[in-house]
Amino acid sequence: MSHRKPRRSASKLLASQKLRDLTGRQHIVLAGRAAAGIWSLLRILGFQDRWVLIPANTCYIVLWAVLHSGSKPFLVDIDPQTGNITPDTLAAALPYQPAAIIPCHMYGLSAPIADLYAWARDHAVFVIEDATLAVGGQADGQPAGSWGDASIFSFGQGKLVDNDIGGAVLTDDQRLAAEVERLFAGLPTWDNHLADLTDQWNQIYWALHQYEAENPRILELYPPLFEMFRDLICYRLPDASWLGLPEALQNLTANLQHRARMAALYDRMLPDIPAQTLDRPAGSVLWRYPLRVPVEHRNGLLRHLWQNNLTEVTRWYPSLRYMRAALAPHLPPQDTPHADRLDVSIINLPVHVKRAAILRTINAVRRYFA
Ligand SMILES: Cc1ncc(COP(=O)(O)O)c(C=O)c1O
């Protein structure tokens, strides 16, 4: 039996079948990226000018996709213990009669998705489950990606299933899936120009987001940057981009087991530092290991780790309140104190790297607090 890689179009079919097996979803539409999925769903559903609820600490690209679709983003605060939104934190949005909600399993930690879905059902709100960070996980006893009217996965660089680029829309609604396919067919195809733009934007955002809270004039840059880089929200991929995805999905179980073992190492070897991780409900997976550090130590610890060449340590995700205020100044501000607090206290330790690198990270964290 040979182990040749599958051909281009066969890779797409194989990957889609694996995603169907993983989630039980009937329809899988592979996407240029998950954000394109959000944009397409909101367009198809005709939610222009309607409110769409997103976690206040989700990825900025979700905010961009909502704005690009013509909907109004509403930031929902989080539970500080879990980093995720809950039906309680959603209550503030009810008077706005939202059209859709995009709950996310932040960091791979399962959100209370059954309760969120029930809330949405009660209020006739469409659910797009953001499972970009939870591929292969379980939430409330079901696979992440199987909840909601539709869900999204991401296979971008640094994600659990890292295909360097790509995403998927998952749904059981055949007509919706066909509409998403139709919309995707009209998108520009990924090319060198988009790759260049992506590199530029990643570097710019990495630099800017760190200072946006302390220097409000940085926020003046976001509207022109959004115009300059909005083409990055929606594109489709050539078939060749999917060649590695079946294998990455094949390795998912081992990949998640490694991450869980590395997280257990952090749990075991960092018990006595003045920092805590977030709650990890049953079925959670770990994209990165989230650590809440006292605000006065956060930046010092990060600097210390980076100076020790531990550059895989990051500070995701920033509160979206600054960027939203800059890009949609006409929308009323929302109070999201817990997301704002997590923004200034979170660091993420890597779990995808080898055990030796985890031990180096642990030693460096311990040295900092010693
Ligand atoms: C929480 C979250 N949601 C959605 C996305 C969008 O994924 P993609 O980059 O594939 O568009 C990302 C990643 O960028 C993310 O981190």
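It should be emphasised that the depicted structure is a prediction, and the values quoted were computed from it without experimental measurement.

Lining the immediate environment of the ligand, one finds 15 residues, of which Arg33, Asp130, Ser154, Lys159 and Tyr317 sit closest. Within the contact set of the ligand, an oxygen atom lies 2.7 Å away from a side-chain nitrogen or oxygen of arginine 33. Contact between the ligand and lysine 159: an oxygen atom at 3.1 Å from a side-chain N or O atom of the residue. Isolated, the ligand exposes 380 Å² of accessible area, and the fraction of that covered by the protein chains is 93%. Grouping the amino acids of the shell around the ligand by side-chain chemistry returns 8 nonpolar, 4 polar and 3 charged.

Counted according to the given criterion, the structure contains 9 salt bridges. Glutamate 220 is the salt-bridge partner of arginine 217, the closest N and O atoms lying 3.0 Å from each other. Looking at arginine 217, the relative accessible area reads 59%, which means it is exposed. Among the salt bridges present, the one from arginine 366 reaches aspartate 272, with a minimum N-O distance of 3.7 Å. Of this pair, arginine 366 sits in helix H14 (residues 355-369) while aspartate 272 sits in the loop between helix H10 (252-269) and strand S10 (276-277), placing them 94 residues apart in sequence.

Before going further, it helps to spend a moment on H14. Here H14 is 15 residues long and its end C-alpha atoms lie 21 Å apart, about the 21 Å a rise of 1.5 Å per residue gives. For H14, the full list of buried residues reads Ala357, Ile358, Thr361, Ile362, Ala364, Val365 and Phe369. End-on view of H14: buried residues confined to an arc of 165 degrees, all on one side of the axis. The secondary structure elements touched by the buried residues of H14 are H10, helix H11 (295-307) and strand S12 (346-349).

This part covers unusual backbone geometry. The omega torsion across tryptophan 316 and tyrosine 317 is 0 degrees, close enough to zero to call that bond cis. Looking at the secondary structure, you find tyrosine 317 in the loop between H11 and helix H12 (321-327). Even without glycine at this site, tyrosine 107 takes up a positive phi of about 65 degrees. Relative to the helices and strands, tyrosine 107 is located in the loop between strand S4 (100-101) and helix H5 (113-122). The residue asparagine 309 is not glycine, and still its phi comes out positive at about 65 degrees. A relative accessible area of 65% means that asparagine 309 is categorised as exposed.

Now for helix H13 (residues 337-345). The set of residues buried in H13 consists of Ala339, Asp340, Leu342, Asp343 and Ser345. Contacts from the buried residues of H13 go to strand S11 (289-292), H11, H12 and S12.

Turning our eyes to something else, we now look at the sheet that holds S12. To summarise the sheet geometry, strands pair through backbone hydrogen bonds and adopt either a parallel or an antiparallel arrangement. On the basis of which strands lie adjacent, the open sheet formed by 3 strands has the order S10-S11-S12 and antiparallel pairing. Taken across any chain shown, the strands that pair with only one partner, and hence form the sheet edges, are S10 and S12. Pairing geometry for S10 and S11, over 2 bridges, is antiparallel. Note on S11: the bridge partner recorded for threonine 277 is leucine 291. Most of the contacts of H13 go to S12, to which it runs at about 55 degrees, and overall it touches S11 and S12.

Another point: the sheet that holds strand S9 (residues 167-171). As summarised here, the arrangement of the 7 strands in space is S1-S9-S8-S5-S4-S2-S3, forming an open sheet in which the pairing is mixed. Single-partner strands in this sheet number two, and they are strand S1 (27-31) and strand S3 (72-76). Both S4 and strand S5 (residues 126-130) contribute to a ladder of 2 bridges, which runs parallel. Counterpart to alanine 100 in the pairing with S5 is phenylalanine 126.

Cut-offs applied
- Residues numbered from 1 in each chain as written.
- Predicted model: local features only at pLDDT ≥ 70, side-chain atom pairs only at ≥ 80, totals over all residues.
- Heavy atoms only, no water.
- Near = heavy atom within 4 Å.
- Polar contact = N/O pair within 3.5 Å; in protein donor to acceptor, adjacent residues only side chain to side chain.
- Areas by Shrake-Rupley, 256 points an atom, 1.4 Å probe, with all protein chains shown as cover.
- Nonpolar A, V, L, I, M, F, W, Y, C, P; charged D, E, K, R; others polar.
- Salt bridge = Lys/Arg side-chain N within 4 Å of Asp/Glu carboxyl O.
- Buried < 20%, exposed > 50% of the residue type's maximum accessible area, 1.4 Å probe, protein only.
- Helix = DSSP H or I, 4+ residues; strand = E, 2+ residues; numbered from the N terminus.
- Expected span 1.5 Å × (residues − 1).
- Arc of directions from axis to C-beta.
- Contact = heavy atoms within 4.5 Å.
- Pairing = 2+ DSSP bridges.
- Axes fitted to C-alpha atoms, helices over the stretch in contact; angles between N-to-C directions.

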